Amino acid sequence: MKITKITATPVRVPRPQLFMSSLGKNLASENAVVEIDTDQGVTGVGEICSIWDRKGRGDAEDINDLLAEALTGRDPFRIAEIHGAMDSLLHRSYPAKAGIDMALYDIVGKSLKTPVYNLLGGMVRDRVLLSHSLSMGDPEEIGDYAANLVKQGYKTIKAKIGMDAESDEATVAAVRSKVGDDITIRVDANMGWKNPKEAVRNIKALEPYNLELVEQPLHYSDLEGLHHIREHVDTPIMADESVWTPSDAMACIKAGSVDIFNVYVSEAGGIFPGSKIFAIGEAARIPCIIGSMPELGIGTSAQAHLAFAMQNLGYGSDVNGFVYHSDDIINEKFSIEDGHLLPPPGPGLGVTLNRDKIEQYRIK
Ligand code: MG
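Predicted model, so just to flag it, every value in this text is computed and none were measured.

Peer 1: Would you explain the sheet that holds strand S6 (residues 156–160) in this entry?
Peer 2: Within a beta sheet, neighbouring strands are joined by backbone hydrogen bonds and run either parallel or antiparallel to one another. Here seven strands make up an open sheet; going across it, the order is S5-S6-S7-S8-S9-S10-S11 and the pairing parallel. Both outer strands of the open sheet, strand S5 (131–134) and strand S11 (288–290), are each paired with one neighbouring strand and no more. Taken over all neighbouring pairs, the strand axes of this sheet differ in orientation by 30 degrees on average, direction set aside. Direction of pairing for S6 relative to strand S7 (residues 184–188): parallel, over a ladder of five bridges. Looking at the pairing, Lys 158 lines up with Arg 186 of S7. Against the sheet, helix H5 (residues 165–179) makes contact with S5, S6, S7 and strand S8 (211–215), and its axis sits at roughly 165 degrees relative to S7, the strand it touches most.

Listed below in structure tokens is the structure:
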């Protein structure tokens, strides 16, 4: 089988409400749809998902201007070899590589008439525990929002913090009082604290509210600072921005920085390198979760197939990016049951493109 054509189409899909974290505010996602055609009539789809710098629009240029021509003519079953080719052509740009990677897995799964999770070792669970994030804002309103999520079945709630210690504590206190003691609460500082001592002080102030974990308290490069925090608080520390790639995961382990990895299919460069982070974590006895940009339907499906197949998925995951958007660019609907995601249907990623929606949201 040979690749005959690769395209990336940027789309801007609105969100029903403003989402704010210490990284900034978002009212829409700028992602891109990747399509790979083959000489056997099988087409694979992928998604570029990124909130960082150039977003899906910029990453789409990496595919349309560079990778498309370079990868045309290659065998889409040679996923590892294509990753090697992409890495030698293009420094970083992991979300673009992930868009290609997802489409390759989709082609292989469709060709073999099997879901992608069967290409990753097969299912190790029948449903995936979900987490739902809360935008920053008025603490009482956030608490009410969290209580509503619990009514919908969510069992793990993530509060975005890291801007102001007083309002962070007010938010976590309001959420805890409105969701009760049986719901799991985690917090994500998104690199918002300036140094390890500030982080330790703020985490200790939040520990009475019983946190599952604290995500990325410091800048991604401060692995020693993360190690200091880990030594001085009881709550597990999870790396997000510090662990994009398998090499990042290794650096975190060497520095003893964190207890948990938050793995992103898009930031790792795809399902293939993402699964390597899980393997590295497993060898180091570090559980992983899967994080979200948030993705639309294609990217969510890619995360889901990984989530169903990885043994050391250890906590609730953000495999529900579609719920943060007002609409989607696929025809299928994912099933969430009692706060868990059910398997997407195969073969491949199990999604089909809605051409009308892509045209409606295409960035012109
Ligand atoms: Mg995060």
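From this point, the discussion proceeds with the structure in view.
Peer 1: Quick question: what am I supposed to make of the coordination of the magnesium ion here?
Peer 2: Ideal donor angles around a metal are set by the shape: a four-donor tetrahedron calls for 109.5 degrees, a six-donor octahedron for 90 or 180 degrees. Here the magnesium ion is held by the protein donor atoms Asp 188 (OD), Glu 215 (OE) and Asp 240 (OD), which lie 2.1 to 2.3 Å from it. Linear spacing of the donor residues for the magnesium ion on their chain is D-x26-E-x24-D. Separated by 25 residues along the polypeptide, Glu 215 in strand S8 and Asp 240 in the loop between strand S9 (237–239) and helix H8 (246–254) bring together distant segments of the chain. A single burial state applies to Glu 215 and to Asp 240, both of which are buried.

Peer 1: Whenever I open this one, the packing of helix H1 (residues 55–71) against helix H2 (residues 79–89) confuses me. Can you help?
Peer 2: Across the interface, H1 lies against H2 with an axial gap of 11 Å and an inter-helix angle of 140 degrees. It follows from the interaxial angle that H1 and H2 lie oblique. Seen along the crossing, H1 lies across H2 with a hand that is right-handed. The segment H1 lies against H2, with Leu 66, Leu 67, Ala 70 and Leu 71 engaging Ile 82, Ala 85, Met 86 and Leu 89.

Definitions and limits used
Sequence order as written defines the numbering, with residues in each chain counted from 1. Given that the model is predicted, a residue must reach a pLDDT of at least 70 before its local features are reported, and side-chain atom pairs must reach 80 or more before they are shown or counted; all residues, however, enter totals for whole chains, interfaces and linings. Here the side-chain values reflect all heavy atoms present in the structure, with hydrogen atoms and water set aside. Two strands form a pair only when DSSP identifies at least two bridges running between them. Helix numbers and strand numbers start at the N terminus; a helix is a DSSP run of H or I with at least 4 residues, a strand a run of E with at least 2. Fitting a line to C-alpha atoms yields each axis, with helices limited to the stretch in contact; the angle taken between N-to-C directions then spans 0 to 180 degrees. The contact criterion used throughout is that any non-hydrogen atoms of two residues lie within 4.5 Å. Only nitrogen, oxygen and sulfur atoms count as donors, using a 2.8 Å cut-off from the metal that widens to 3.2 Å for Na, K and Ca. Water is left out, so coordination shells may look unfilled. The rule is simple: take the accessible area with a 1.4 Å probe, protein chains only, and divide by the maximum for that residue type; under 20% is buried, over 50% is exposed, in between is partly exposed. What sets the label is the angle itself: under 35 degrees gives roughly parallel, over 145 gives roughly antiparallel, 65 to 115 gives roughly perpendicular, and the rest give oblique. Throughout, a crossing is termed right-handed when the near helix is turned clockwise from the far one, and left-handed when it is turned anticlockwise from it by less than a right angle.

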